Amino acid sequence: MPLHHRTCTLCEAMCGLTLEVEGETVTSLRGDREDPFSRGFLCPKATALPDVHADPDRLRHPVRRTSSGWARVSWREALDETAERLAGIQESAGRDAVAVYLGNPSVHNWGTVLAGVPLVKALGTRNRYSATSVDQLPHHLAALLMFGHQLLLPIPDVDRTDFLLLLGANPVVSNGSLMTAPGMPLRLKALRARGGRLVVVDPRRTETAELADVHHFIRPGSDALLLLALLHTLFAEGRVAPGRLAGFSDGLEQVERMVREFPPEGVAGATGIAPESIRSLARGFASAPRAVAYGRVGLSTQEFGGLCQWLLNVLNAVTGNLDRPGGAMFTRPAFDVLRGGLAGRGHFRRRRSRVRGLPEFSGEYPVAALAEEILTPGPGRITGLLTIAGNPVLSTPNGARLERALASLDFMAAVDFYVNETTRHAHLILPPTSPLEHDHYDVVFHLLAVRNTAKYSPALFAPATDARHDWEIFHALSARLAGRGRLGWLRRAGRTLVLSLATPRRLLDLGLRLGPHGRGSERRLTLRALEAAPHGIDLGPLEPCLPGRLFTPGRRIQLAPPELVEDVARLRERLLGPGAVAADGWLQLVGRRQLRSNNSWMHNSQRLVKGPERCTLLMHPGDASARGLRSGQLVRVESRVGSIPIPLEVSEEMMPGTVSIPHGWGHGRPGVQTRVAAAHPGVSINDLTDDQAVDALTGGAAFSGIPVRVVA
Ligand SMILES: Nc1nc2c(c(=O)[nH]1)N[C@H]1C(S)=C(S)[C@@H](COP(=O)(O)OP(=O)(O)OC[C@H]3O[C@@H](n4cnc5c(=O)[nH]c(N)nc54)[C@H](O)[C@@H]3O)O[C@H]1N2
Ligand SMILES: Nc1nc2c(c(=O)[nH]1)N[C@H]1C(S)=C(S)[C@@H](COP(=O)(O)OP(=O)(O)OC[C@H]3O[C@@H](n4cnc5c(=O)[nH]c(N)nc54)[C@H](O)[C@@H]3O)O[C@H]1N2
Ligand code: SF4
Ligand SMILES: [Mo]
């Protein structure tokens, strides 16, 4: 039986898989040992790829919501009606009356990445939203302001470092994020085995913290103070040594002045970390030959997420660890969207959202504003919505309010293959092919990988008759909108011709040829060469590339961008000011991820949900006994916006005063058509998180540290 090799598209790790099939059934799935990057590693979630493909609940043709349930409609009807209704709303109420939301899997699918731009342009709305503002927005802001391009993200060189400082990340479970590195557990063990140090800062003693030399509990939302105190210590003890970076960096003195007022003693109370521990962490980091600090979801989705990602970059830079092996490095992917202006550099605060005045970032508003933009009357109100590969009812703050808003829309369409908590509100659902039915190349994650590699995966199964790929759905909608006068250039150039030329395959081949390993290089990489190497091609370790790769004027690193420096006053006021002490009896809520879940859409695989109930509230024994609560008991958790019942799991893992709930659960809502998930519903943490709690700088959701009460 021929073996099929492909990249797993479920999370960011890009593991190579080897599959065997009989007819339409996958009979075996294992890690591909010959994949030069993942070398056989895979996690239990990979089995969900065949499960999703075979899932009887997966939609295989467009459907319309009717009073008696979902009814099949033809593609022509579904596409015509979607384009007509969206355009109709825009023609009567203005372009911004239609909003679009792009969810996480859209970055794992080359079709949505490459064909999404013309569609969003054809819609021409300012009401663009995505999962970015509940995820990695602060990384893009820091990259834009410091390095001049929103996608020039520094990646921790885990395989060569001697000291890894991890804050608000749990890569043993998540397998890494903005750090594509298949087999993170093995890579962390290898770091320890070569004598390197791993330090984890997290309000929970996570699976990653279990592998660490040192773990520090930290009060949720206070990491920016810790980072300022680390920088303070480095300056105070003369340990600042940016090395060659000094020649092309601005703002070092400003940073020095700014951190003066944050000695470790001044932040110990707010962070919960002792001054001596902060000093010793700073010393260990600065004296390691190669060190890197990295923070992920727990840092990005907090009230000072913007400050955190900036200060992490500064910490790496002032210790000379930016752009050097073993530090934080930049990639040179074979398909380099940073070259030739394919991806815009980005912009910030060009305008503000209508109701709350939250800032745009690169043309998107924060999704925490979506519900109010639908519910608040007046000119510019959203009455039509297109969602693509997302489930914002479960994944964005105050999902219950968003759900009420969705129910009030004049028209909603979704490009998705499940009737989930969000898409059940759509009038029409347009389902794309399954992940095994289309070719794949990681346009995004090669850009974020700890090593330069390239791999092309052909489709495993031919698409079912009458099935459409995401990009075909997008092209069909774009063409219909262009026909109504949108994208004048597209109409003039002949829309069918242009769109039929711009297939993902053609764009990839062109991108590879124009890329750093293409035409102008020795390797002369093409799509055909990739197709001849089914396990993927190794393109070598990350290499220093600054200042050449900077996009700032004069190619200089901006260590102290004014927008970020100004925000320090807000931090000081909020966390060190008089009102900073939490009221008695309140706990701080944080989230967590689980090995056999992937955001909200992996719970319809029986293999992944079996076993004991996983959607539980973790609480420290001291907090449980103070409330007379015990493990296994059903408790009620209440926040400003909502209240949910959930089983309690008492655990020493938690920092006293904090509790944790995994996100992505809550499938008990009526009308959801995922039968396995509905039998293991859990509850949604985002029925507790607050749409009003955002990082005022970026508008990103502040999930970390939501105040809650817990009662029997
Ligand atoms: N409280 C709290 N909330 C969080 C987080 C947290 O840590 N805590 N994490 C946040 C993060 S990091 C993220 S990324 C978001 C995720 O939030 P979202 O992106 O809104 O939601 P997902 O759960 O990823 O939903 C993915 C949907 O895409 C569909 N899908 C899968 N593959 C494809 C495809 O190829 N094409 C199309 N068209 N559809 C597809 C699935 O059927 C599913 O319905 O959640 C965020 N929400
Ligand atoms: N198995 C699995 N893997 C996944 C996903 C999944 O759902 N399941 N989702 C994928 C996605 S979309 C993403 S974005 C990545 C995310 O990847 P990670 O960021 O590595 O994943 P999380 O488990 O959310 O880790 C966040 C950590 O931050 C901690 N934390 C919360 N608040 C704070 C705080 O204020 N300060 C500090 N220092 N820590 C805090 C939490 O306790 C948690 O341990 O994972 C990806 N991989
Ligand atoms: S770690 Fe991520 S990419 Fe690797 S097998 Fe698991 S889900 Fe797939
Ligand atoms: Mo994410």
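Computed from a predicted structure; not experimentally measured.

**Q** Just to check I follow, could you spell out the sheet that holds strand β26 (residues 617-619) for this structure?
**A** With mixed pairing, the 6 strands of this closed barrel are ordered in space as β25-β29-β26-β28-β27-β30. With direction set aside, neighbouring strand axes in the sheet form an average angle of 45 degrees. Where strand β27 (residues 634-638) lies against strand β28 (residues 643-650), 5 bridges are found, and the strand directions are antiparallel. In the strand pairing of β28, V637 is matched with I644.

**Q** Sorry if this is basic, but what is going on with the site of ligand 3 here?
**A** All residues in the neighbourhood of ligand 3 are listed as C8, L10, C11, A13, M14, C15, L42, C43, K45, A46 and N175. Across the shell around ligand 3, the residue classes break down as 9 nonpolar, 1 polar and 1 charged.

**Q** What should I look at first to understand the packing of helix α4 (residues 137-147) against helix α12 (residues 305-318) in this one?
**A** Packed helix pairs are characterised by how far apart their axes lie and by the angle those axes make with each other. At a minimum axis separation of 8 Å, α4 and α12 run at an interaxial angle of 50 degrees. Classed by the angle they form, the pair α4 and α12 counts as oblique. Remark: the crossing between α4 and α12 carries right-handed chirality. Together, P138, H139, A142, M146 and F147 of α4 and G305, G306, Q309, W310, N313 and V314 of α12 make up the contact between the two elements. Here the residues of the contact of α4 with α12 are counted per class, giving 6 nonpolar, 5 polar and no charged.

**Q** Would you take a moment to explain the environment of P541 for this structure?
**A** Its place among the elements puts P541 in strand β23 (residues 537-541). Linking P541 and L634, residues 93 residues apart in sequence, is a C-alpha distance of 50 Å. Excluding its chain neighbours within four sequence positions, the residues that come into contact with P541 are R160, R451 and N452.

**Q** What is the right way to read helix α9 (residues 264-271) from this model?
**A** For an α-helix, 3.6 residues make a turn, and residues three or four places apart therefore share a direction. Buried within α9 are the following residues: P264, V267, A268 and T271. Buried residues of α9, seen end-on, are gathered within an arc of 125 degrees and therefore sit on one face of the element. Tucked inside the fold, the buried residues of α9 contact α7 (223-236) and α10 (275-287). Residue G272 follows α9 closely and has a positive phi angle near 80 degrees.

**Q** Please clarify how the domain arrangement of the protein chain should be interpreted in this entry.
**A** Reports often express the size of an interface as the amount of accessible area lost when the parts come together. For the protein chain, the assigned domains are domain 1 (3-54), domain 2 (137-330 + 555-569) and domain 3 (578-711). Interface area, domain 1 with domain 2, both sides summed: about 800 Å², of which 60% is carbon and sulfur. When residues of domain 1 are sorted by the area they lose upon contact with domain 2, E12, F37 and F41 head the list and together hold 67% of the total. Counting every contact that joins domain 1 to domain 2 gives 0 salt bridges. Class assignment of the residues belonging to the side of domain 1 that touches domain 2 gives a composition of 7 nonpolar, 1 polar and 1 charged.

Calculation criteria
- Residues numbered from 1 in each chain as written.
- Chains lettered and ligands numbered in written order.
- Predicted model: local features only at pLDDT ≥ 70, side-chain atom pairs only at ≥ 80, totals over all residues.
- Heavy atoms only, no water.
- Pairing = 2+ DSSP bridges.
- Helix = DSSP H or I, 4+ residues; strand = E, 2+ residues; numbered from the N terminus.
- Axes fitted to C-alpha atoms, helices over the stretch in contact; angles between N-to-C directions.
- Near = heavy atom within 4 Å.
- Nonpolar A, V, L, I, M, F, W, Y, C, P; charged D, E, K, R; others polar.
- Parallel < 35°, antiparallel > 145°, perpendicular 65-115°, else oblique.
- Left-handed = near helix turned anticlockwise from the far one by under 90°.
- Contact = heavy atoms within 4.5 Å.
- Buried < 20%, exposed > 50% of the residue type's maximum accessible area, 1.4 Å probe, protein only.
- Arc of directions from axis to C-beta.
- Domains from an automatic or database assignment.
- Buried area = accessible area lost by both parts, 1.4 Å probe.
- Salt bridge = Lys/Arg side-chain N within 4 Å of Asp/Glu carboxyl O.

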